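The primary structure of each chain is shown beneath.
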Amino acid sequence: MAKEMTPQERMIALFKGEKPDRVPVNPFVLGYAAQILGISIGDFYADGNNCFDAQFACMRIHGYDATPFYGYASCGPWEFGGRIEFPYKEGSSAPYVLQHPVNRIEDAERLEVPDFRKGLPGGYAESDKVLKRCREFGMPAIFQAGSVFTTASVVAETSLFLKWMFQEPKTVHLILEKVAALFINALEYFAAQYGPENCLVFDGGPSEANTVI
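Computed from a prediction, not measured in an experiment: that's the story for all the values here.

(A) View of the environment of Glu126. Considering the arrangement of structural elements, one finds Glu126 in helix H6 (residues 123-136). For the pair Glu126 and Gly205, spaced 79 residues apart in sequence, the C-alpha separation works out to 21 Å. Apart from the residues within four sequence positions on either side, Glu126 is in contact with Tyr45, Ala46, Asp47, Gly48 and Tyr70. Of the polar contacts made by the side chain of Glu126, one reaches the backbone nitrogen of Gly48; its length is 2.8 Å.

(B) Main features of helix H7 (residues 148-155). Most of H7 is tucked away: seven of the eight residues are buried. Among the residues making up H7, those that are buried are Phe149, Thr150, Thr151, Ala152, Ser153, Val154 and Val155. The opening residue of H7, the one whose side-chain oxygen lies 3.3 Å from the backbone nitrogen of Phe149, is Ser147.

(C) Spotlight on unusual backbone geometry. Cis geometry marks the peptide bond from Gly146 to Ser147, where omega comes out at -5°. For Ser147, the position within the fold is in the loop between strand S3 (141-144) and H7.

(D) Geometry of H6. The end-to-end C-alpha distance of H6 is 21 Å, a good match for the 20 Å that 14 residues give at a rise of 1.5 Å each. Residues Gly123, Tyr124, Glu126, Ser127, Asp128, Val130, Leu131 and Cys134 constitute the buried set of H6. At its buried positions, H6 is contacted by helix H3 (41-46), helix H4 (48-62), S3 and helix H9 (169-194). Of the residues one or two after H6, Gly138 is the one with positive phi, at around 75°.

(E) A look at the packing of H4 against H6. It is the contact of H4 with H6, at a shortest axis distance of 7 Å, that shows an interaxial angle of 45°. Between H4 and H6, the crossing angle belongs to the class labelled oblique. By crossing handedness, the relation of H4 to H6 is classed as right-handed. In this structure, H4 contributes Gly48, Asn49, Cys51, Phe52 and Asp53 to the contact, and H6 contributes Glu126, Lys129, Val130, Arg133 and Cys134. Looking at the contact of H4 with H6 residue by residue, the classes come out as four nonpolar, two polar and four charged.

(F) Representation of the nonpolar core within the structure. Core analysis: the biggest nonpolar cluster contains 27 residues, and Val102, Tyr124, Phe161, Ile175, Val179, Phe183 and Phe190 have the highest contact counts within it. Among the secondary structure elements, those contributing two or more residues to this core are H6, S3, H7, helix H8 (158-167) and H9. Among the elements that line this core, the one with the most residues is H9, at nine residues. Beyond its immediate chain neighbours, meaning those up to four positions away, Phe183 contacts Cys75, Tyr124, Gln144, Ala145, Gly146, Ser147, Val148 and Thr151. Counting residues in hydrophobic clusters, the runner-up holds 24 residues, among them Phe52, Tyr72, Phe86 and Val130.

(G) Structural view of the packing of aromatic side chains. For the structure shown, the criterion picks out 17 aromatic pairs. Relative to Tyr189, the ring of Phe116 has its centre 6.1 Å away and its plane inclined at 45°; by these criteria the two rings are tilted. With Phe116 in the loop between helix H5 (105-110) and H6 and Tyr189 in helix H9, this residue pair connects regions lying 73 residues apart in the sequence. Taking relative accessible area as the criterion, Phe116 reaches 4% and is therefore assigned buried.

(H) Geometry of the layout of surface pockets. The volume enclosed by the largest pocket comes to roughly 520 Å³. Lining of the largest pocket is provided by 30 residues; of these, Phe28, Leu30, Phe69, Phe202 and Asp203 occupy positions nearest its centre. Element by element, the count of residues in the lining of the largest pocket is highest for strand S4 (residues 199-202), at three residues. Counted by class, the lining of the largest pocket contains 20 nonpolar, nine polar and one charged residues. Computed from the structure, the second largest pocket encloses a volume of approximately 220 Å³. Along the walls of the second largest pocket sit 14 residues, with Ile12, Pro140, Glu197, Asn198 and Leu200 positioned nearest its centre. For the lining of the second largest pocket, the secondary structure elements donating two or more residues are helix H1 (7-15) and S4.

Reading guide: rules and limits
Residues numbered from 1 in each chain as written. Predicted model: local features only at pLDDT ≥ 70, side-chain atom pairs only at ≥ 80, totals over all residues. Heavy atoms only, no water. Helix = DSSP H or I, 4+ residues; strand = E, 2+ residues; numbered from the N terminus. Contact = heavy atoms within 4.5 Å. Polar contact = N/O pair within 3.5 Å; in protein donor to acceptor, adjacent residues only side chain to side chain. Buried < 20%, exposed > 50% of the residue type's maximum accessible area, 1.4 Å probe, protein only. Expected span 1.5 Å × (residues − 1). Axes fitted to C-alpha atoms, helices over the stretch in contact; angles between N-to-C directions. Parallel < 35°, antiparallel > 145°, perpendicular 65-115°, else oblique. Left-handed = near helix turned anticlockwise from the far one by under 90°. Nonpolar A, V, L, I, M, F, W, Y, C, P; charged D, E, K, R; others polar. Core = buried A, V, L, I, M, F, W, Y, C linked by side-chain atoms within 4.5 Å. Phe/Tyr/Trp six-rings, centres within 6.5 Å; stacked < 30°, edge-to-face > 60°. 1 Å grid on protein atoms, 1.4 Å probe; cavity = no way out; pocket = protein on both sides within 12 Å on 5 of 7 lines; lining within 4 Å. Points joined across faces, edges and corners; volume = space filled by probe spheres on them.

Have a look at this one:
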C-alpha cells in the first residue's frame, strides 16, 4: 500500500502535474475559520497572525490540504494610498474601500506604484506574516497578485472606472499598467524572499465576472 501523503506533498504533486494519493481539498473558509478561532472577521483581516492561526486551526480540525493565505477582493486601494475599513460592521465579510486613491483623471496620472523594497504596502504587510509562518511549516507561500482589472476598478472609484472604459480609455490603460506594476513588484519581492519554487499566486476577478456583467 502506498504511503499516505501529507497535505503539503499532496498539493505539490498536484501543481507538478503528478498524481496525488487522493483528490486534494481546498475549501474557501475565511469567515468560518475566524469563528473556529473565536475571533471577529475584522480581527481576522486586521492581523496576519490571526489570519494564519484561524486557518491553521481549521486545517488541523478538518484535515484538508489548503495552505493559509491572506487576501480579499478589494485589494489595491490601501496599497496605493487610499483607505479601507476592516469588516467589523454587521453584514461585512471582508475589507472594503472607504477612500479610492483615484477619483479624477489627474489622480491616475499622479498615482505612484509602491516600491516593496521600501516597505510592504497595505495588506501585503499582513500577508507577509502569513507567508513567514507557512514557510516555517514547510507550506508554500501563497499571496495575491491579481486580477489587474478588478484591482484597477477599486483603485479608481468603480462607477467612474467603468464609465472611463468608454470615455477615457487612456486613463483606464494607465491605471491598469500601474496595477500590473504593483503585482510585478509583489511577485519579485516574495520570490526573492521565499524562493520562486516555494511561491504560489492567487487572484480573483469579481469585477469582470460580476460588476461589468
